[in-house]
Structures are given as structure tokens and as C-alpha cells.
Amino acid sequence: MAKIKTLTFAIIHFGVAFSVTFLLTGSWVLGGLIAMIEPAINTLAYFFHEKAWEAFHRRRPRAPLSS
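Quantities reported herein were computed from a predicted structural model and do not represent experimental measurements. (Residues numbered from 1 in each chain as written. Predicted model: local features only at pLDDT ≥ 70, side-chain atom pairs only at ≥ 80, totals over all residues. Heavy atoms only, no water.)

Enquirer: I would appreciate a short explanation of the overall build of the chain in the present structure.
Expert: In terms of regular secondary structure, the chain is built from two helices and zero strands. Expressed as lengths along the three principal axes of its C-alpha atoms, the size of the chain is roughly 60 × 20 × 20 Å. Expressed as a percentage of the 67 residues in the chain, the buried residues total 16%. As displayed, the chain offers around 5600 Å² of accessible surface, 74% of which is attributable to carbon and sulfur atoms. (Helix = DSSP H or I, 4+ residues; strand = E, 2+ residues; numbered from the N terminus. Buried < 20%, exposed > 50% of the residue type's maximum accessible area, 1.4 Å probe, protein only. Areas by Shrake-Rupley, 256 points an atom, 1.4 Å probe, with all protein chains shown as cover.)

Next up, the structure:
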């Protein structure tokens, strides 16, 4: 599930990065370059961030259930 979530996040991020860069610069080329580089790096960071949170939650002691 984390891989599908990461993929959909990447698609959205590519679109946003391109749109913002194009609107700010008017350049299709610069928009494309930024849209490829920044989200790709950010998506990797997000994937590892999710993995770290999963590991953190697995290691956290659970509170005992009260009656």
C-alpha cells in the first residue's frame, strides 16, 4: 500500500511542481526540469519518511487496555 501511496503522491507532486514553475517563469523547459528533479528527490524522502514512521510505531510500547 505504501508503494501505491508514494506513486500517486509523486504524480500529484510532478504536476504541481511543473505548474508552479511554469506559472512563475513561463518556461516549459524549466518547468519540465524542475518537475522532474524536485519531486523525484522529494518522493524518495517521503518514502523513507513513511518507512521511518512505520518503524517508530512498531517499536512504541502499547498502553495496556483498561477495563
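Still to come is the rest of the account.
Enquirer: Before we go on, may I ask you to explain the packing of helix H1 (residues 2-25) against helix H2 (residues 28-59) in this structure?
Expert: Packed helices, taken two at a time, are described by the angle between their axes plus the distance between the axes. Taken N-terminus to C-terminus, the directions of H1 and H2 make an angle of 150°; their axes are 8 Å apart at the nearest point. Judged by the sense of rotation from one axis to the other, the crossing of H1 with H2 is right-handed. Residue composition of the contact of H1 with H2, grouped by class: 16 nonpolar, eight polar and four charged. (Axes fitted to C-alpha atoms, helices over the stretch in contact; angles between N-to-C directions. Left-handed = near helix turned anticlockwise from the far one by under 90°. Nonpolar A, V, L, I, M, F, W, Y, C, P; charged D, E, K, R; others polar.)

Enquirer: Please clarify how the side chain of His-13 should be interpreted in this entry.
Expert: Position of His-13 among the secondary structure elements: in helix H1. Residue classification places His-13 among the buried positions, given a relative accessible area of 14%. Among the polar contacts listed, one links the side chain of His-13 to the side chain of Glu-38, at a separation of 2.8 Å. When sequence neighbours within four positions are dropped, the list of residues in contact with His-13 reads Glu-38, Pro-39 and Asn-42. (Polar contact = N/O pair within 3.5 Å; in protein donor to acceptor, adjacent residues only side chain to side chain. Contact = heavy atoms within 4.5 Å.)

Enquirer: Is there a simple way to explain the side chain of Thr-21 in this structure?
Expert: Within the element layout of this structure, Thr-21 appears in helix H1. For Thr-21, a relative accessible area of 10% puts it in the buried group. In this structure the side chain of Thr-21 is engaged in a polar contact, spanning 2.9 Å, whose partner is the backbone oxygen of Ala-17.

Enquirer: How do you make sense of the packing of aromatic side chains when you look at a structure like this?
Expert: To describe a pair of aromatic rings, you give the distance between the ring centres and the angle between the ring planes. Throughout the structure, instances matching the rule amount to six aromatic pairs. When the ring of Phe-9 is compared with that of Tyr-46, the centres are 4.6 Å apart and the planes differ by 20°; the resulting orientation is stacked. In this pair, Phe-9 sits in helix H1 while Tyr-46 sits in helix H2, placing the two residues 37 residues apart along the sequence. Judged by relative accessible area, Tyr-46 falls into the buried class, the value being 18%. Taken together, the ring pairs connect Phe-18, Phe-22 and Trp-28 into an aromatic cluster. (Phe/Tyr/Trp six-rings, centres within 6.5 Å; stacked < 30°, edge-to-face > 60°.)

Enquirer: Is there a simple way to explain H1 in this structure?
Expert: Given 3.6 residues to a turn, an α-helix orients residues that are three or four positions apart in the same direction. Between its first and last C-alpha atoms H1 spans 34 Å; for 24 residues at 1.5 Å apiece the expected length is 34 Å, and the two agree. All of the buried residues in H1 are Thr-6, Ala-10, His-13, Ala-17 and Thr-21. Buried residues along H1 sit against H2. Gly-26 sits one or two residues past H1 and shows a positive phi near 75°. (Expected span 1.5 Å × (residues − 1).)

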